[in-house]
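These are the residues of each chain, in order.
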Amino acid sequence: MSQGWMVRAGEGGRLFDLFESRCCVAVGWNALGHLSQYHSNQELRHAYIEHHGNAKPGRTANAVAMIRKFFDAIKPGDLVVTYSPELREYLIGIDQGQYEFLSSDNQVEDYAHVRWVKWEGKVSRDVLTQSTRNSLGSTLALFSLSEAIINEMRAALEGKQPALSQEPEEVEADLVQLSEHIRAQSHELIKDRILQLTPEDMEHFAAAILRAMGYRTKVSPRGPDRGVDVEASPDGLGLTKPHIKVEIKHRNGSIGSSVLRSFITVVRSGQNGIFVSTGGFTREARYEADRAPNPITLVDLDDLANLAVDNYPHFDTEGRALLPLMQVYWPAE
């Protein structure tokens, strides 16, 4: 019977597009070289400690286990999943049964250990059950998936409704990794709550974040906004710099270059622009922002959640009503 595996696409899913375009998943730890040279977990552990140290034995044990699983626990025909936090999409495919250690000029950015995958499609995080979302929130680079999650992923690919209940996956981790796991889950849950806001609420939410950062804001009245949903400045009138213009697109898919170019034209000399897209941005849109004549900042759903958490202590009543959060204390290391 085939198994299922989540393989993270680097920090923040930065390698998601490369995984998709090159039909593979990959992990780092390049200094270990080709994994076939290690004939036991003990040999691999010694090599890992030699190259990466052993400051935290629990983390070392987890890393060695993940590396070993990537090499020989994943089998041909197993389900392979990776995730884009920006797009909130899981890429799902089938392992082709081939591991390779790539040369430095052919690596997946900076990852050399590769397994080849035939991608079958994508599944939005929004269609999955809450227990599956929680299980997939682990920050481990690689972990196995339960049969229930595999079945739900396959059903989602076919457009079927998920089951109503299942047990969350256990995550083996030391205290630090458990903390990271919980923070990652919290981050995803906050994003889930932000996505529940209406387009109008989203405008007021963006304004609340800017007010928490020390600006005074003006939300455009309903109707044609001429490409600007929120304006912000230190005095609230735009007379003192920075004068910020904000455009917001809420879950309308990735914003492309043409939409961004239209926004760039309304940001005048001496002004700053912020484009918020909870559906993310295409590469071409990010290129347009980089070459804009006036400063343009792109804010995706991940950025929005981080900004909300970082500035939440300064949120006013309206901001807290739009996104109610509570503080959780955790033991220091």
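See the structure shown above.
Reading guide: rules and limits
Residues numbered from 1 in each chain as written. Predicted model: local features only at pLDDT ≥ 70, side-chain atom pairs only at ≥ 80, totals over all residues. Heavy atoms only, no water. Helix = DSSP H or I, 4+ residues; strand = E, 2+ residues; numbered from the N terminus. Rg over C-alpha atoms; globule rule 2.2 N^0.38 Å. Buried < 20%, exposed > 50% of the residue type's maximum accessible area, 1.4 Å probe, protein only. Contact = heavy atoms within 4.5 Å. Pairing = 2+ DSSP bridges. Axes fitted to C-alpha atoms, helices over the stretch in contact; angles between N-to-C directions. Core = buried A, V, L, I, M, F, W, Y, C linked by side-chain atoms within 4.5 Å. Parallel < 35°, antiparallel > 145°, perpendicular 65-115°, else oblique. Left-handed = near helix turned anticlockwise from the far one by under 90°. Nonpolar A, V, L, I, M, F, W, Y, C, P; charged D, E, K, R; others polar.

A closer look at the overall build of the protein
Regarding its fold elements, the protein presents eleven helices and eleven strands. Scaling as 2.2 N^0.38, a compact globule of 333 residues should have a C-alpha radius of gyration of about 20 Å, and the protein matches this with 22 Å. Considering only C-alpha atoms, the protein reaches an extent of 70 × 45 × 40 Å along its principal axes. Counting all 333 residues of the protein, 47% fall into the buried class. Sequence separation of 24 or more characterises 66% of the internal contacts of the protein that already satisfy a separation of 6 or more.

Examining the sheet that holds strand β11 (residues 296-299)
Read across the sheet, five strands follow the order β7-β8-β9-β10-β11 without closing on themselves; strand pairing throughout is mixed. What marks the edges here is a single partner per strand, and that holds for β7 (216-219) and β11. Sheet twist, expressed as the average angle between the axes of neighbouring strands with direction ignored, equals 20°. Alignment of strand β10 (residues 271-277) against β11, held across four bridges, turns out to be parallel.

Some points on the environment of Leu44
Along the polypeptide, Leu44 turns up in helix α2 (residues 41-52). By relative accessible area, Leu44 is classed as buried at 2%. Along the chain, Leu44 and Cys23 lie 21 residues apart, while their C-alpha atoms are 27 Å from each other. Non-local contacts of Leu44, meaning those with residues more than four positions away in its chain, are made with Leu32, Leu35, Tyr38, Val64, Ile67 and Arg68.

A short note on the nonpolar core
In this structure, Leu32 and Met153 are the most contacted members of the largest nonpolar core, which totals 51 residues. Residues Val246, Ile274, Val299 and Leu323 belong to the second largest nonpolar core, which totals 27 residues.

Describing the packing of helix α8 (residues 257-264) against helix α9 (residues 283-290)
Between α8 and α9, the least distance of the axes is 8 Å, while the angle of their chain directions is 25°. Taken together, the axes of α8 and α9 are roughly parallel relative to one another. Of the two elements, α8 crosses α9, and the hand of that crossing is right-handed. Contacts between α8 and α9 pair Ser257, Leu260, Arg261 and Ile264 from the former with Glu284, Ala285, Glu288 and Ala289 from the latter. By residue class, the composition of the contact of α8 with α9 is four nonpolar, one polar and three charged.

Observations regarding the sheet that holds strand β5 (residues 113-124)
On the basis of which strands lie adjacent, the open sheet formed by six strands has the order β2-β5-β4-β3-β1-β6 and mixed pairing. At either end of the open sheet lies a strand with only one pairing partner, and these are β2 (24-27) and β6 (142-145). Strand after strand, the sheet turns through a mean of 35° between neighbouring axes, direction not considered. Bridging between strand β3 (residues 79-84) and strand β4 (residues 89-101) involves six bridges; their strand directions are antiparallel. By the bridge assignment, Tyr83 is partnered in β4 with Tyr90. Here helix α3 (residues 57-73) sits on the sheet in contact with β1 (4-7), β2, β4, β5 and β6, set at roughly 90° to β5.

The quantities given are spatial measurements derived from coordinates; they are silent on function.
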